[in-house]
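What follows is the residue order along each chain.
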Amino acid sequence: MKYFITGHNGFVGYNFIKSLNQNDEKYLYNKNSEINILDSEIVLNFAGKAHDLKNIINSQEYYTINTEFAKKIFNAFLESKAKVFITISSVKAVADNLDYELKEDEFPNPITDYGKSKLLAEQFIFSQTISNKKRVYVLRPCMIYGPNNKGNLNLLTKFVSMGFPWPLGAFENKRSFCSIENLCFIIQELIKNESIQSGVYNIADDDPISTNQLIKTIAASQNKKIKILKIPKNILFLLAKIGDFFKLSFNTESLMKLTNNYVVSNEKIKNAICKKMPITSEDGLFKTLASFKHI
């Protein structure tokens, strides 16, 4: 199999490349190079500007990379002989806050420039005329985690390791997560199974968990006990507003991300591949947390 891959240095790209067979051929796109798919059979767009909770990134960067660059890659795919195109979007292209389980048919209403830039790329892709000989998949993962990922999960792990009490115990929520192992498995299944229809697919582990549960799991992985405080919500919202003003890492958006419900349905993709996810949230989290001890 021959692959054209963007974003190979990112977390998703790096892990997917590791999952390939030695006999697979791959062209790894480098920034500002000419987009030349050549005779690649599979085009994988893993390039993207990640969501910045501190809001210090120029918003135009999201549209340059998540929208305009995605358009260029997709146009090159349409003009090539490649058969499969897979791009990584986000559940944030649909909703930033949820009071219900998110499914693919939900009307999109993103709030942030990150979500809007991802949605614009999706809309462009499905506005084009696509040959019935080609398959196109837009994947919307929720928060991706995995071994050696230096994202939000690693930040929570460092917080617990410092021995501070967890201050957000007053919030009881459920959030979906996405193991990198499950994501790479799904991408492989989409490539191999020609019967899976083109379209948009949510990607999530089977079992959502609460942030309080996550904190307890992190503490257990460190053989620590952690005290969970139930600070009044109104005080926390006030502190978050102060964080907004001073552009601190603890702000309204980060508070919502840690305490709101955000449950994502993965039924559509599971029905499409007709297989179970290879790893549970619990096992995936323990593997990830174990890797942090070596970072």
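Scroll up for the structure.
Procedures and definitions
- Residues numbered from 1 in each chain as written.
- Predicted model: local features only at pLDDT ≥ 70, side-chain atom pairs only at ≥ 80, totals over all residues.
- Heavy atoms only, no water.
- Axes fitted to C-alpha atoms, helices over the stretch in contact; angles between N-to-C directions.
- Helix = DSSP H or I, 4+ residues; strand = E, 2+ residues; numbered from the N terminus.
- Parallel < 35°, antiparallel > 145°, perpendicular 65-115°, else oblique.
- Left-handed = near helix turned anticlockwise from the far one by under 90°.
- Contact = heavy atoms within 4.5 Å.
- Pairing = 2+ DSSP bridges.
- Buried < 20%, exposed > 50% of the residue type's maximum accessible area, 1.4 Å probe, protein only.
- Salt bridge = Lys/Arg side-chain N within 4 Å of Asp/Glu carboxyl O.
- Phe/Tyr/Trp six-rings, centres within 6.5 Å; stacked < 30°, edge-to-face > 60°.
- Core = buried A, V, L, I, M, F, W, Y, C linked by side-chain atoms within 4.5 Å.
- Arc of directions from axis to C-beta.
- Polar contact = N/O pair within 3.5 Å; in protein donor to acceptor, adjacent residues only side chain to side chain.
- Nonpolar A, V, L, I, M, F, W, Y, C, P; charged D, E, K, R; others polar.

Asks: Break down the packing of helix H1 (residues 11-19) against helix H5 (residues 180-192) for me, citing the residues and quoting the values.
Replies: The geometry of H1 relative to H5 is characterised by a closest axis approach of 10 Å and an angle of 60° between their N-to-C directions. Taken together, the axes of H1 and H5 lie oblique to each other. Along this stretch, H1 crosses H5, giving a crossing that reads as right-handed. Facing H1, whose interface residues are Phe 11, Val 12, Asn 15, Phe 16 and Ser 19, H5 presents Ile 180, Leu 183, Cys 184, Ile 187, Gln 188 and Ile 191.

Asks: Just give me the short version of the sheet that holds strand E3 (residues 42-45), but keep the residues and values in it.
Replies: Backbone hydrogen bonds are what pair the strands of a sheet, in a parallel or an antiparallel way. The parallel open sheet is built from six strands, whose spatial order is E2-E1-E3-E4-E5-E8. Looking along the sheet, the strands with just one partner apiece sit at the ends: strand E2 (25-28) and strand E8 (199-203). When the angles between neighbouring strand axes are averaged without regard to direction, this sheet yields 20°. As paired elements, strand E5 (residues 135-141) and E8 share five bridges and run parallel to each other. Its bridge partner being in E8, Leu 139 is matched across the sheet by Tyr 201. Running over the sheet, helix H2 (residues 60-79) touches strand E1 (2-6), E3, strand E4 (84-88) and E5 and is turned about 175° from E3. In the packing of helix H3 (residues 113-127) onto the sheet, contacts are made with E4, E5 and E8, and the angle to E5 comes to roughly 160°.

Asks: Which residues make up the pairing of E3, and what are the values?
Replies: Across the two faces of E3 the burial is the same, with Ile 42 and Leu 44 and Val 43 and Asn 45 all buried. Here E1 runs beside E3; their pairing, made up of four bridges, is parallel. Considered in E3, the bridge of Thr 6 is made with Asn 45.

Asks: A description of the pattern of salt bridges should follow, citing residues and the corresponding values.
Replies: Where charged atoms from two side chains of opposite charge come close, those side chains can pair. Inspection of every chain in the model, using the stated rule, returns nine salt bridges. Here Lys 192 makes a salt bridge to Glu 189, at a shortest N to O gap of 3.4 Å. Of this pair, Lys 192 and Glu 189 both sit in helix H5, three residues apart, which is roughly one turn of that helix. Glu 267 is the salt-bridge partner of Lys 270, the closest N and O atoms lying 3.6 Å from each other. One end of the pair is Lys 270 and the other is Glu 267, both in helix H9 (residues 267-273) and three residues apart, which spans about a single turn. Classification of Glu 267 as partly exposed rests on a relative accessible area of 42%. One connected set of salt bridges, linked through shared partners, spans Glu 189, Lys 192 and Lys 275.

Asks: Which residues make up the packing of aromatic side chains, and what values go with them?
Replies: Tallied over the entire structure, the rule returns 15 aromatic pairs. Note on Tyr 29 and Phe 69: the rings are 5.4 Å apart at their centroids and 40° apart in plane angle, and the pair reads as tilted. Here the residue Tyr 29 occupies a position in the loop between E2 and E3, and Phe 69 occupies one in helix H2, the gap between them amounting to 40 residues. Exposure class is identical for Tyr 29 and Phe 69. Each is buried.

Asks: Talk me through the nonpolar core; I want residue IDs and the actual numbers.
Replies: Nonpolar side chains in soluble globular proteins tend to end up buried together. Phe 16, Leu 44, Ile 86, Leu 139, Leu 183 and Ile 187 are the most contacted members of the largest nonpolar core, which totals 39 residues. Residue contributions to this core peak at eight residues, all from H5. Once residues lying within four places of it in the same chain are set aside, the contact partners of Phe 16 are Tyr 3, Leu 44, Phe 46, Cys 184, Ile 187, Gln 188 and Ile 191. In this structure, Phe 171, Phe 177, Ile 218 and Ala 219 belong to the second largest nonpolar core, which totals 19 residues.

Asks: Break down helix H8 (residues 252-259) for me, with residues and values.
Replies: When we look at burial in H8, the residues that qualify are Ser 254, Leu 255 and Thr 259. The arc that holds every buried residue of H8, seen down its axis, measures 115°, which confines them to one face. Of the surrounding elements, those touching the buried residues of H8 are helix H7 (233-246). Backbone nitrogen of Glu 253 and a side-chain oxygen of the N-cap are separated by 3.2 Å at the start of H8; the cap is Asn 251.

Asks: Lay out the environment of Pro 141 in plain terms, naming residues and giving numbers.
Replies: Positionally, Pro 141 belongs in strand E5. Put simply, Pro 141 and Phe 177 are 36 residues apart on the chain and 8.2 Å apart in space, counted from C-alpha to C-alpha. For Pro 141, the residues in contact, after removing those within four places along its chain, are Ile 88, Ser 89, Ser 90, Val 91, Cys 178 and Ile 203.

Asks: So what about the packing of helix H4 (residues 152-161) against helix H6 (residues 211-221)? Which residues, and what values?
Replies: Running from amino to carboxyl end, H4 crosses H6 at an angle of 65°, the nearest separation of the two axes being 10 Å. Between H4 and H6 lies a crossing of right-handed hand. Between H4 and H6, the contacting residues are Leu 153, Leu 156, Thr 157 and Val 160 on the first element and Leu 214, Ile 215, Ile 218 and Ala 219 on the second. Residues that form the contact of H4 with H6 fall into these classes: seven nonpolar, one polar and no charged.

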